[in-house]
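Here's the letter readout for the chains.
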Amino acid sequence: MNKIVVGLSGGVDSSAAAAILHHQGYEVVGLTLWLMKGKGQCCSEGMVDAAKICEDLGVPHHIVDSREVFQASIIDYLVEGYSAGVTPLPCSQCNKTVKFGPMLKYAREELGIEKIATGHYARISYDAETGRYQLLRAIDPAKDQSYFLYDLTQDLLAGTEFPLGEITKTETRRIAAEFGLKTADKPESQDLCLVESNGSMRAFLDKYIAPQKGDIVDKSGRVLGQHDGVHHYTIGQRKGLGIAAPEPLYVIELDAAGNRVVVGDRQLAVESECTVEKVNWVSVAAPTAPIRAQVQIRYRSHPVPATIIPVEPSQAEEKAGATRVKLIFDEPQLSITPGQAAVWYDGDVLLGGGIIKRNQLPG
Ligand SMILES: Nc1ncnc2c1ncn2[C@@H]1O[C@H](COP(=O)(O)OP(=O)(O)OP(=O)(O)O)[C@@H](O)[C@H]1O
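For every chain, the first residue of the written sequence is number 1, and numbering continues from 1 along that sequence. With pLDDT at 70 or above as the cut-off, local features in this predicted model cover only qualifying residues; side-chain atom pairs require 80 or more to be listed or tallied, and sums for whole chains, interfaces and linings still use all residues. Only hydrogens and water are set aside; all other atoms, that is, all heavy atoms of the structure, feed into the side-chain values.

Secondary structure elements follow DSSP: runs of H or I of four or more residues count as helices, runs of E of two or more count as strands, with numbering from the N terminus. The topology assignment puts Arg123 in strand S5 (residues 122–127). Among the residues examined, Arg123 registers a relative accessible area of 17% and is labelled buried. Here the alpha-carbon distance between Arg123 and Glu161, two residues 38 residues apart in the chain, equals 8.1 Å. We call two residues in contact whenever any of their non-hydrogen atoms come within 4.5 Å of each other. Arg123 has contacts with Gln134, Leu135, Leu136, Arg137, Ala138, Ile139, Phe162, Gly165, Glu166 and Asp348, leaving out every residue within four places of it along the chain. From its side chain, Arg123 meets the backbone oxygen of Arg137 in a polar contact 2.7 Å long. Each polar contact in these results corresponds to two N or O atoms within 3.5 Å; when the atoms are within protein, one needs to be able to donate a hydrogen and the other to accept it, and residues that are neighboring in sequence are counted only if both atoms are side-chain atoms. For Arg123, the side chain forms a polar contact with the side chain of Asp348, separated by 3.2 Å. Note on classification: 1.4 Å probe, protein chains only; a residue is buried when its accessible area is under 20% of the maximum for its type, exposed when over 50%, partly exposed between these limits.

Time to look at the layout of surface pockets. A pocket here means an open set of points on a 1 Å grid, computed over the protein atoms alone, that has protein on both sides within 12 Å along at least five of seven lines. A cavity is instead a set of points where a 1.4 Å probe fits but cannot get out; residues with an atom within 4 Å of a point line either one. Grid points are joined across faces, edges and corners, and a volume is the space filled by probe spheres set on the points. When its volume is computed, the largest pocket comes out at roughly 840 Å³. What lines the largest pocket is a set of 43 residues, and nearest its centre among them are Ser9, Lys99, His120, Gln145 and Ser189. Residue assignment for the lining of the largest pocket shows that the elements contributing at least two residues are helix H1 (12–23), strand S2 (27–34), helix H3 (67–83), helix H4 (90–111), helix H6 (169–178) and helix H7 (193–198). Sort the elements by how many residues they give to the lining of the largest pocket and H4 lands first, with six residues. Here the term charged refers only to Asp, Glu, Lys and Arg, the term nonpolar to Ala, Val, Leu, Ile, Met, Phe, Trp, Tyr, Cys and Pro, and the term polar to all other amino acids, Gly among them. A class-by-class count of the residues in the lining of the largest pocket yields 20 nonpolar, 13 polar and 10 charged. Each pocket or cavity is described by its volume, and for the second largest pocket that value is around 590 Å³. Lining the second largest pocket we find 24 residues, and of these Tyr82, Thr87, Leu192, Met201 and Gln340 sit closest to its centre.

Right, let's talk about the domain arrangement of the chain for a bit. A domain assignment, automatic or from a database, supplies the domain bounds used here. Each domain of the chain was delimited in the assignment, giving domain 1 (3–197), domain 2 (215–268) and domain 3 (270–356). Taken over C-alpha atoms, the centre of domain 1 sits 25 Å from the centre of domain 3. With 26 residues of domain 1 at the interface, the matching set in domain 3 holds 26 residues. Each of two parts loses accessible area, computed with a 1.4 Å probe, when they are put together; buried area is these two losses added. Among the residues domain 1 hides against domain 3, the three largest losses belong to Arg137, Tyr147 and Tyr150. Together they make up 38% of the total. The rule for a salt bridge is simple: a side-chain nitrogen of Lys or Arg has to be within 4 Å of a carboxyl oxygen of Asp or Glu. Counting the contacts that link domain 1 with domain 3 gives one salt bridge. Where Arg123 meets Asp348, a salt bridge forms, and the shortest distance between an N and an O atom there is 3.2 Å. Taken together, the links from domain 1 to domain 3 amount to 20 residue pairs in polar contact (both at pLDDT 80 or more). By residue class, the composition of the side of domain 1 that touches domain 3 is 13 nonpolar, six polar and seven charged.

Dropping the structure here:
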């Protein structure tokens, strides 16, 4: 019988994924990574629900204490980034470094099982012509999570199944109810688990970064208002600036060293290009010439047409296997936020992605 390890967060999606595979005849082993204390998925509370699902399905349940790696790769990474004036995206990093990598390793090395599955909404297919695994958007556009999975390597994709990629969230809930799963009616979790377990991103960050008052200035340095910590702001942010101005103002620069938030009008806030670093090419090999694609610069943003230009790596980058590209958007874009992922697609096929680099701050 085919064996598979299913990552269980205690939510409805992963419970349904486990039940579907079990029903299809797989020998399922549940695996929950203990990521942090508190309420919500991935926390102690989620582990209890995951254990109950496994008990009801009659399958074994393993728990791996992953709090250290979560602290080092996600919490410290976020605190460092926000302190430096960037807005890091934790989820893609968490998927690769905390979840898929360690889960597949645990499955292979501890259990002798070659495959893992999660309740992510995305699809994987194998292109025999190029010999590459491809990552595709889920068929349910409202739930598609491929954006968060752009950093998965070919080895991780080869070892992964997404049983929910071909069904909608409504169908998932129906299936969960049909199987009588305890989690069938569990409310939708928030996009970010840290927001869920801390109440807000601000509350989470305030635990780690001391608020420090400073000036909100325009590009010429004129003081327009006060802020209570650069880490509370994001490039492109318009709301919550507390400044009365004749036209809307946007955050255009976070100067952490100078403890200043720089704002400007829409004209100053839009940009036509950016550099993306730590690029991972997924469904296609790294091209040597520019390609056209639709780029998403936020999880919930609409894909927009752009040209992707490979950048010759420096010697150090080449050694580290790091690649960079330059994105030139057909239309100038608002909120190109350093630290967030830019992910590019050809239709449903995720071609690649990377982290938006910070522009050099003017001296
Ligand atoms: N702590 C964890 N341990 C093991 N697997 C996990 C854990 N957290 C998430 N996963 C896996 O990653 C998938 C996507 O997680 P995400 O945090 O996006 O939650 P979700 O889409 O709300 O799914 P769910 O309803 O299963 O919680 C989950 O369906 C699950 O398979």
